[in-house]
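# Close look at the chain arrangement
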Amino acid sequence: EIMPSLVGSEMCIRDRPKAEVAGRGYVQVGRFSDAASAQRQAKKIQRMGLPVRIGVSNRGGQTSRLVIAGPFAGERDVKRVINRLRSAGFNATAR
């Protein structure tokens, strides 16, 4: 689950059982190696009126910033947001 955060700050991503995040959907909009690029992307998503967060993922000694939109109420909302983001030129995927 992505923990709440405002654009401009980062948070750690913690894996939780799916049952704990049931009914909530997120859309990944980008993965960046540098914080500035993640911030720019998040601000674009925020200007579209969507809730957005930046997460930090550490795997194999590599740190990535994930730009995540959400949470959304369910699968229908996630699909709608993915279509909206893709129409705006973003590579959006359900998370």
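Residues numbered from 1 in each chain as written. Predicted model: local features only at pLDDT ≥ 70, side-chain atom pairs only at ≥ 80, totals over all residues. Heavy atoms only, no water.

### Focus: the confidence of the model for the protein
Residues of the protein with pLDDT of at least 70 account for 76%, and the chain-wide mean is 82. At the low end of the mean pLDDT range in the protein sits strand β1 (residues 11-12), at 45; at the high end sits helix α1 (residues 35-47), at 97. In the predicted structure, residues 1-22 sits below a pLDDT of 50 and forms 44 contacts with residues beyond four places in sequence or in another chain. (pLDDT = per-residue confidence, 0-100. Helix = DSSP H or I, 4+ residues; strand = E, 2+ residues; numbered from the N terminus. Contact = heavy atoms within 4.5 Å.)

### Comments concerning the nonpolar core
Val 27, Val 29, Ile 45, Leu 50, Phe 72 and Leu 85 are the most contacted members of the largest nonpolar core, which has 18 residues in total. Sorting the residues of this core by element identifies β2 (25-32), α1, β3 (52-59), β4 (62-72) and α2 (75-87) as the ones contributing at least two each. Beyond its immediate sequence surroundings of up to four residues, Val 27 is in contact with Val 67, Ile 68, Ala 69, Phe 72, Val 78, Val 81, Ile 82, Leu 85, Ala 92 and Thr 93. (Core = buried A, V, L, I, M, F, W, Y, C linked by side-chain atoms within 4.5 Å. Buried < 20%, exposed > 50% of the residue type's maximum accessible area, 1.4 Å probe, protein only.)

### A short note on the pattern of salt bridges
Side chains carrying opposite charge are able to pair once their charged atoms draw close together. One pass over the full model with this rule turns up 2 salt bridges. Between Glu 75 and Lys 79 there is a salt bridge; the shortest N-O distance is 3.0 Å. Of the two residues, Glu 75 and Lys 79 are both situated in helix α2; the distance of 4 residues between them amounts to about one turn of the helix. Judged by its relative accessible area of 58%, Glu 75 is exposed. Taking relative accessible area as the criterion, Lys 79 reaches 48% and is therefore assigned partly exposed. Notably, a salt bridge pairs Asp 77 with Arg 80, separated by 3.9 Å at the nearest N-O pair. Here the residue Asp 77 and the residue Arg 80 both occupy positions in helix α2, the gap between them amounting to 3 residues, near one helical turn. (Salt bridge = Lys/Arg side-chain N within 4 Å of Asp/Glu carboxyl O.)

### Thoughts on the environment of Gln 46
Within the secondary structure, Gln 46 sits in helix α1. For Gln 46, a relative accessible area of 43% gives the class partly exposed.

### Examining the environment of Gly 55
Relative to the assigned elements, Gly 55 resides in strand β3. Judged by its relative accessible area of 0%, Gly 55 falls in the buried class. Sequence separation of Gly 55 and Val 67 is 12 residues, and the distance between their C-alpha atoms is 6.6 Å.

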